[in-house]
Amino acid sequence: MKDYIKIHENDNVIVAIKEIAAGETVNAGGVQVTAGETIPAGHKMALCDIAEGGDVIKYGFRIGNAKEAVKAGAWIHTHNVKTALGDLLEYSYEPTPVKEETTSDAAFMGYNRPDGKVGVRNEVWVIPTVGCVNNVASALAKAANGRLKGSVEEVIAFPHPYGCSQMGDDQEHTRTILADLINHPNAGGVLVLGLGCENSNIEVLKPYIGEVNPDRVKFLVCQETEDEMEAGGKLLDELISYASGFEREEISVSKLIIGMKCGGSDGFSGITANPLVGKFSDLLISKKGTTILTEVPEMFGAETLLMNRCENRELFDETVKLINDFKQYFKDNHQTIYENPSPGNKKGGISTLEDKSLGCTQKSGSAPVKGVLAYGERVEKAGLNLLSAPGNDLVASTALAASGAHIVLFTTGRGTPFASPVPTVKISSNSALVGKKKNWIDFNAGVLVEDKDIEETAQELFDYVVAVASGKKVCSEEAGFHDMAIFKQGVTL
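First things first, this report covers the structure right here in the doc. These numbers were taken from a predicted model, which means no experiment stands behind them. (Residues numbered from 1 in each chain as written. Predicted model: local features only at pLDDT ≥ 70, side-chain atom pairs only at ≥ 80, totals over all residues. Heavy atoms only, no water.)

## Some remarks on the environment of isoleucine 209
Of note, isoleucine 209 is situated in helix 3 (residues 202–209). C-alpha separation for the pair isoleucine 209 and valine 296, spaced 87 residues apart in sequence, amounts to 26 Å. Other than its neighbours up to four places away in sequence, isoleucine 209 contacts Ala179, Ile182, Asn183 and Phe219. (Helix = DSSP H or I, 4+ residues; strand = E, 2+ residues; numbered from the N terminus. Contact = heavy atoms within 4.5 Å.)

Okay, structure coming up:
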């Protein structure tokens, strides 16, 4: 195991794999550098003197400018480096040649749905149209779990606080996301539970949902029934009976849609977990599968790498709009665009948004961008897609599920127990975390700094995802966790 890593030959910093003590000398590619102070694990040390205002280079790109003159061997962090990013930018399309590889197909055991979609779970979902009936939804799901049969794995309620007292885009977002979840193929059956007087009531919501199979989707308006628990229970029994008729079958991985997200990142995330997910993404895409990358604010500073991988000029223009619209959202709300990373990120060794973004976007691998999706838009194109959503873990992961992701791969250096509407695989950037939180972490990417081969580990991750798609439960599922959150931007009445 190395004591440090120099990620790119042009970098003027190294990242400590384990703590480098003050006075300790390291040999970085023939350059002898003595630490002038203790460098914590995951943090950066200067390889050479950097003048005030000079570029700090990591991943082969600028991650910020020195606030003051920095000596070789100094700890590089928030105290002496600042972002070099501006606000709205002009971009030019400079396409990067991307070699698209094809590898042999693989299969998972999933559920074929009558509409041609496939699912990796056979659950029955209770979707409330408004927060007022959240407790009813949860109580119905809890009671129905005692009456499961056949292949039905669980009845799950997805409470949320919205559906009323919203205006404009917020109300549209709520309706779109709820409709997306109602149509998600991981649900073999869905009970849509309304109150009756809400803005997004069932009749208003139906055009967003579209045509449905009445055996798969049933509706209940609580204000129009004498006993919603009795009526809801009967409808859930019907949905369980319908869903129990599905059995797992062998399905090509080309049908898989995988969302990619990170949260609680640390200095190792861009070295281990995120590049590993990028390798996974390339591997799945080589088998004609689909991946979705989101959290737009964590593309800031690395966006040109994605823009130049767009398959054509139209997609480039859509990606520019994706980035600048999100920056304008910050400006419209009088917020600093680059007020990121979080305190946990900084503690883990991330100093600026460029530092964070260059690590985050490694999840995209090297495949060309084939699609750019608005928030709530369902994925249509196989290959790598970019999705408009914020960095917030629950909101972004829900957005991935709503766009059609069967599974979300969630990389983390700090750890988190949360879930999303679909199986959420937690991938640790360091081995210490998986040792500490075995009940949270599903896969350890920390082995990559312990001299494990990334190609071999990517195949192991691919095999693990296939197992999850075939029914293996992830830690959050074992714990019974199921979360969802909708993007809110505007006024609450």
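## Side note on the side chain of serine 269
Along the chain, serine 269 turns up in the loop between strand 17 (257–262) and helix 5 (273–286). One polar contact links the side chain of serine 269 to the main-chain amide nitrogen of aspartate 266, over a distance of 3.0 Å. Leave out the neighbours within four places in its chain, and serine 269 touches Asn274, Pro275, Thr412, Gly413 and Ser429. (Polar contact = N/O pair within 3.5 Å; in protein donor to acceptor, adjacent residues only side chain to side chain.)

## Let's talk about the pairing of strand 17
Two faces belong to every sheet, and in a regular strand the side chains alternate between them. Of all six residues in strand 17, six are buried, a share of seventy percent or more. Alternating positions in strand 17 separate into two faces, Ile257, Gly259 and Lys261 on one and Ile258, Met260 and Cys262 on the other, with burial throughout. Relative to strand 21 (residues 407–412), strand 17 runs parallel, the two sharing five bridges. Across the sheet, the residue bridging to methionine 260 is leucine 409, located in strand 21. (Buried < 20%, exposed > 50% of the residue type's maximum accessible area, 1.4 Å probe, protein only. Pairing = 2+ DSSP bridges.)

## Looking at helix 2 (residues 168–182)
Between its first and last C-alpha atoms helix 2 spans 22 Å; for 15 residues at 1.5 Å apiece the expected length is 21 Å, and the two agree. Turning to helix 2, its buried residues number three or more, namely Asp170, Gln171, His173, Thr174, Arg175, Ile177, Leu178, Ala179, Asp180, Leu181 and Ile182. (Expected span 1.5 Å × (residues − 1).)

## Describing the packing of aromatic side chains
Summed over the entire model, instances satisfying the criterion amount to 13 aromatic pairs. Relative to tyrosine 464, the ring of phenylalanine 443 has its centre 6.1 Å away and its plane inclined at 55°; by these criteria the two rings are tilted. With phenylalanine 443 in strand 23 (residues 443–444) and tyrosine 464 in helix 12 (residues 454–469), this pair connects stretches of sequence that are 21 residues apart. An identical accessibility class is assigned to phenylalanine 443 and tyrosine 464; each is buried. Three or more aromatic residues joined by ring pairs make a cluster, and in this case those are Phe300, Phe326, Tyr329, Phe330, Tyr375 and Phe487. The ring centre of phenylalanine 219 lies 4.7 Å from the NZ or CZ of lysine 206, which sits over that ring. Its end group placed over the ring of tryptophan 440, lysine 437 keeps NZ or CZ at 4.1 Å from the ring centre. (Phe/Tyr/Trp six-rings, centres within 6.5 Å; stacked < 30°, edge-to-face > 60°. Lys NZ or Arg CZ within 6 Å of the ring centre and 35° of its normal.)

Shape descriptors only; they carry no functional weight alone.
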